[in-house]
Amino acid sequence: LSDLVPLSTLKTLLVEALSLIERAKDLSSLEQLRVRFLGKKSLISLSLKKLKELSLEERKSTGAELHSIRSSVQDALEEKKKALKTGSSSLLLDWDYHCPVYGEEATFHPLTLTMQRLEDIFFQWGCVMVDGPQIESDYYNFTALNIPENHPSRTMHDTFYIQDRVLRTHTSSVQIHAMREWGAPLRAIAMGPTYRCDSDATHSPMFHQLEALWVDKDLNFANLKGVLQELLELFFERKVNMRLRRSFFPFTEPSAEVDIACVLCEGQGCRTCKQTGWLEILGCGMVHPSVLEHGHIDPACYQGFAFGVGVERLAMLKYGLSDLRLFYENDPRFLRQFFR
Ligand code: PHE
């Protein structure tokens with residue numbers, strides 16, 4: 001068999017098959033994929049036929065691998081068929097931005113590049129990367145962040161519910177996980193998909209956030225402002241004019257929203273900044289004492305600051321894009337333009 005089709009080739013083929021099946025738009029294109037990957041003349045079927053030419057020993061191990069590849073394709077076809085018939089679609093929960101690209105020379109997705117750039121900045125500052133589930137409990141997403149049940153600010157979030165859980169509406173849910181896992185003092189970031197029921201040229205039901213949380217003795221708002229200024233200048237690789245506006249978040253007090261002078265028109269006024277010269281880019285504040293308590297940190301000894309920023313928003317400004325949906329259409333002509 002090995003001089004016919006190496007197993008590694010078949011495994012690559014499997015990845016390709018799964019990805020194409022996932023994206024199939026109707027039953028007839030699904031049938032074409034079935035013929036291509038499992039039909040009589042498919043590499044998988046031909047390889048299975050050749051099995052009997054192998055020694056008993058080889059037949060056992062290679063046979064098991066081949067059958068598992070074939071049943072993975074079969075399962076995926078079955079599942080997709082059901083989904084197409086019932087009209088349901090997979091919720092993009094496992095959107096994989098590390099998935100290999102075929103054919104053309106591969107480049108990283110612009111969102112991946114943006115997240116790598118952000119990671120580099122925070123790692124220089126000694127931050128740890130923390131993670132939390134995307135299907136989150138109400139407690140971590142809301143209650144522990146000082147947003148009790150029936151609090152009006154819950155309606156600000158356009159939440160997707162899954163039985164008794166929620167798709168996290170922000171990465172602030174990771175704050176509590178981070179504090180409980182690492183304790184104080186702490187410098188942590190979290191980055192990843194978040195979900196809100198909202199969709200247009202500048203909103204997507206799934207988008208990415210970066211969350212930063214610093215906890216230490218004697219932290220104050222000036223420290224927060226300094227970190228933000230530094231972060232924005234490192235990210236945009238230029239001098240950035242920034243202003244803070246008083247705002248409200250239940251989990252920070254005081255809270256602020258940060259605007260930067262429009263990076264596209266230098267504050268002159270353009271379509272992107274709606275002629276105001278300013279762009280709203282992130283929310284921040286000093287961590288509310290009761291949030292520290294939920295994180296098992298004593299607010300009498302420690303203070304914290306936190307901020308949350310949309311990764312797509314930063315990427316759009318960095319690369320001068322006006323429609324966020326470009327990120328998710330996977331048009332190779334668009335994706336190929338980003339190198340750093
Ligand atoms: N979680 C807030 C949002 O999604 C942003 C934020 C994070 C605000 C941390 C303050 C502190 O809009």
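As a reminder, the structure under discussion sits directly above these lines.
Summary of the structure given here.

What counts as what
Residues numbered from 1 in each chain as written. Predicted model: local features only at pLDDT ≥ 70, side-chain atom pairs only at ≥ 80, totals over all residues. Heavy atoms only, no water. Helix = DSSP H or I, 4+ residues; strand = E, 2+ residues; numbered from the N terminus. Buried < 20%, exposed > 50% of the residue type's maximum accessible area, 1.4 Å probe, protein only. Contact = heavy atoms within 4.5 Å. Areas by Shrake-Rupley, 256 points an atom, 1.4 Å probe, with all protein chains shown as cover. Lys, Arg positive; Asp, Glu negative; His and termini not counted. Charge placed at Lys NZ, Arg CZ, Asp CG, Glu CD. Salt bridge = Lys/Arg side-chain N within 4 Å of Asp/Glu carboxyl O. Core = buried A, V, L, I, M, F, W, Y, C linked by side-chain atoms within 4.5 Å. Expected span 1.5 Å × (residues − 1). Bend = angle between axes of the 7 residues up to and from the residue. Pairing = 2+ DSSP bridges. Patch = residues over 30% accessible without salt bridge, like charges linked within 9 Å, V, L, I, M, F, W, Y side chains within 5 Å. Near = heavy atom within 4 Å. Polar contact = N/O pair within 3.5 Å; in protein donor to acceptor, adjacent residues only side chain to side chain. Nonpolar A, V, L, I, M, F, W, Y, C, P; charged D, E, K, R; others polar.

1. Notes on the overall build of the protein
Assigned secondary structure in the protein consists of 12 helices and 10 strands. With the C-alpha coordinates of the protein rotated into their principal frame, the extents come out at 75 × 45 × 40 Å. Expressed as a percentage of its 340 residues, the buried residues of the protein come to 45%. Taking all contacts inside the protein whose residues are at least 6 apart in sequence as the whole, residues at least 24 apart take part in 67%. For the protein, the computed accessible surface area is about 18,300 Å², with 52% contributed by carbon and sulfur atoms. A distance of 7 Å separates the average location of the 39 positive side-chain charges in the protein from that of its 44 negative side-chain charges.

2. Topic: the pattern of salt bridges
A complete count under the given rule lists 14 salt bridges for this structure. A salt bridge links glutamate 65 to lysine 11; the nearest nitrogen and oxygen atoms lie 3.7 Å apart. Pair noted here: glutamate 65 is in helix α4 (residues 56-86) and lysine 11 is in helix α1 (residues 7-23), with a separation of 54 residues, a long-range link. Overall, lysine 11 belongs to the partly exposed group, its relative accessible area being 40%. Taking the shortest distance from any N to any O, the salt bridge between glutamate 266 and arginine 238 comes out at 3.1 Å. Of the two residues, glutamate 266 sits in the loop between β8 (252-261) and β9 (278-287) while arginine 238 sits in the loop between α8 (221-236) and β7 (242-249), which places them 28 residues apart along the sequence. Here arginine 238 falls in the partly exposed class, since its relative accessible area comes to 30%.

3. Quick word on the nonpolar core
Ranked by size, the top nonpolar core spans 50 residues in total, and within it Phe122, Phe236, Ile260 and Phe307 carry the most contacts. In terms of residue count, the dominant contributor to this core is α8 (7 residues). Setting aside residues no more than four positions away along its own chain, phenylalanine 307 makes contact with Phe122, Leu210, Glu211, Ala212, Leu224, Val227, Leu228, Leu231, Leu282, Gly283 and Cys284. In terms of nonpolar packing, the next biggest core, distinct from the first, is built from 24 residues, Val130, Tyr140, Met179 and Ala190 among them.

4. Points about α4
Taking 1.5 Å of rise per residue, the 31 residues of α4 would be expected to cover 45 Å, and the 44 Å separating its terminal C-alpha atoms lies within 8% of that figure. The largest bend in α4 amounts to roughly 25° and is located at threonine 62. The complete set of buried residues in α4 reads Thr62, Gly63, Leu66, Ile69, Val73, Ala76, Leu77, Lys80 and Ala83. The inward-facing, buried residues of α4 contact α1, α2 (27-38) and α3 (43-50). Phi for glycine 87, located one or two positions after α4, is positive at around 75°.

5. Let's talk about the pairing of β7
Sheet faces and side chains relate simply in a regular strand, where the side chains alternate between the two faces. As paired elements, β7 and β8 share 7 bridges and run antiparallel to each other. Bridge pairing in β8 links serine 247 to serine 255. Where β7 hands over to β8, the hairpin turn is made up of 2 residues, counted between the paired strands.

6. Side note on the sheet that holds β9
Whether parallel or antiparallel, the strands of a sheet pair through hydrogen bonds between backbone atoms. Taken in spatial order, the 7 strands line up as β1-β5-β6-β10-β9-β8-β7 in an open sheet, and their pairing is mixed. Both edges of this open sheet fall to β1 (128-129) and β7, since each of them pairs with a single strand only. Here β1 runs beside strand β5 (residues 186-195); their pairing, made up of 2 bridges, is parallel. The residue of β5 that forms the bridge with methionine 129 is isoleucine 189.

7. Notes on a negative patch on the surface
Side chains of Glu22, Asp75, Glu78 and Glu79 sit close together on the surface and give a patch of like negative charge. Note that glutamate 78 resides in helix α4.

8. Some thoughts on the site of the ligand
Taken together, the neighbourhood of the ligand is formed by 14 residues, with His170, Ser172, Arg196, Gln209 and Gly308 sitting nearest. A distance of 3.1 Å separates a nitrogen atom of the ligand from a polar atom in the side chain of histidine 170. Within the side chain of serine 172, a nitrogen or oxygen atom sits 2.8 Å from a nitrogen atom of the ligand. Of all elements in the fold, only β6 (206-216), β9 and β10 (303-310) reach the threshold of two or more residues within the shell around the ligand. A total of 3 residues in the shell around the ligand trace back to one element, the largest contributor, which is β10. Looking at side-chain class alone, the shell around the ligand contains 5 nonpolar, 7 polar and 2 charged residues.

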